[in-house]
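# A structural walkthrough
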Amino acid sequence: MDTIKFNELQKELIENNSTELKKTKTKKQIDKSIKYVYVKDNEGYVFKIPENELNDSYTVITEKDWADQSGETYYKATFSHGGARKGAGRKQLHRDISIRITLGEKDLINYIRKNSIEPTDVLKRLLT
């Protein structure tokens with residue numbers, strides 16, 4: 001076989017495949033075209049099936065009943081996406097008051113604390 005004929009055949013196959021691929025539907029397009037029904041079987045299980053698979057052993061229920069019985073409503077309420085987690089966000093800084101003091105002032109404060117002297121009493125005596 002000639003290389004030119006082979007290349008032409010290859011191009012032709014590629015063109016045919018690309019047009020066939022364009023004709024095929026994606027899974028999302030197929031899912032949208034199929035109508036689904038919410039059903040309950042004779043054992044009490046609830047699920048969603050395509051309308052063409054419906055038979056007498058199933059009882060048709062509403063979407064709300066399906067969501068309640070399957071736990072979908074509880075799941076969405078409990079495990080929803082979005083929003084802050086509990087305790088997330090910036091934390092407030094609990095700053096202690098700090099000032100610079102001299103060694104003499106530090107010794108005075110330590111003496112007052114050590115001897116259980118009330119600082120307000122010391123201030124009153126000093127100011128009067």
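Refer to the structure presented above.
A brief structural summary.

Reading the values: the criteria
- All residue numbers refer to positions counted from 1 along the written sequence of the respective chain.
- Given that the model is predicted, a residue must reach a pLDDT of at least 70 before its local features are reported, and side-chain atom pairs must reach 80 or more before they are shown or counted; all residues, however, enter totals for whole chains, interfaces and linings.
- As a rule here, side-chain values cover all heavy atoms of the structure and leave hydrogens and water aside.
- Each helix is a run of H or I in the DSSP string that is no shorter than four residues. Each strand is a run of E no shorter than two, and both are numbered from the N terminus.
- Three exposure classes are used, based on accessible area relative to the maximum for each residue type with a 1.4 Å probe and protein chains only: buried under 20%, partly exposed in between, and exposed over 50%.
- We call two residues in contact when some of their heavy atoms are within 4.5 Å.
- The Shrake-Rupley method, run with a 1.4 Å probe, gives the accessible areas here. Residue values count only the displayed protein chains as cover.
- By definition, two strands form a pair when at least two bridges between them are found by DSSP.
- Between the rings of Phe, Tyr and Trp (Trp by its six-membered ring), a pair exists once the centres lie within 6.5 Å; its type follows the angle of the planes, with under 30 degrees stacked, over 60 edge-to-face, and the other angles tilted.
- Both a distance and an angle decide whether a charge sits over a ring: NZ of Lys or CZ of Arg must be within 6 Å of the ring centre and within 35 degrees of the ring normal.
- Given the number of residues in a helix, its expected span is that number minus one, multiplied by 1.5 Å.

## Some remarks on the overall build of the chain
Scanning the chain from terminus to terminus reveals six helices and three strands. Moving toward the C terminus, one meets the helices and strands of the chain in the order α-α-β-β-β-α-α-α-α. The proportion of buried residues among the 128 residues of the chain is 9%. Here the analysis covers contacts within the chain between residues at least 6 apart in sequence; of these, 9% occur between residues at least 24 apart. Accessible surface computed for the chain: about 12,800 Å², of which carbon and sulfur atoms make up 53%.

## Examining the pairing of strand β1 (residues 36–40)
Of the strand pairs in this sheet, β1 and strand β2 (residues 46–50) are connected by five bridges, and their pairing is antiparallel. Looking at the pairing, Val39 lines up with Phe47 of β2. Here β1 folds back onto β2, and the loop between the two strands holds five residues, one of which, Gly44, carries a positive phi near 100°. In this structure, β1 lies alongside strand β3 (residues 59–60), joined through two bridges in antiparallel fashion. Residue pairing for β3: Val39 is matched across the bridge by Val60.

## A word on the packing of aromatic side chains
Taken as a whole, this structure holds two aromatic pairs when the rule is applied. Judged by centre distance (5.6 Å) and plane angle (90°), the rings of Phe47 and Tyr58 are edge-to-face. Within this pair, whereas Phe47 is found in strand β2, its partner Tyr58 is found in the loop between β2 and β3, the two being separated by eleven residues in sequence. By relative accessible area, which is 26% here, Phe47 ends up partly exposed. One residue, Lys48, lies across the ring of Tyr36, its end atom 5.0 Å from the ring centre.

## Some thoughts on the environment of Ile34
Of note, Ile34 is situated in the loop between α2 (27–33) and β1. For Ile34, a relative accessible area of 33% translates into the label partly exposed. For the pair Ile34 and Pro50, spaced 16 residues apart in sequence, the C-alpha separation works out to 6.5 Å.

## Examining helix α5 (residues 103–114)
Taking 1.5 Å as the rise per residue, α5 with twelve residues should run 16 Å; its terminal C-alpha atoms sit 16 Å apart, in good agreement. Just beyond α5, the residue with positive phi is Ser116, at close to 55°.

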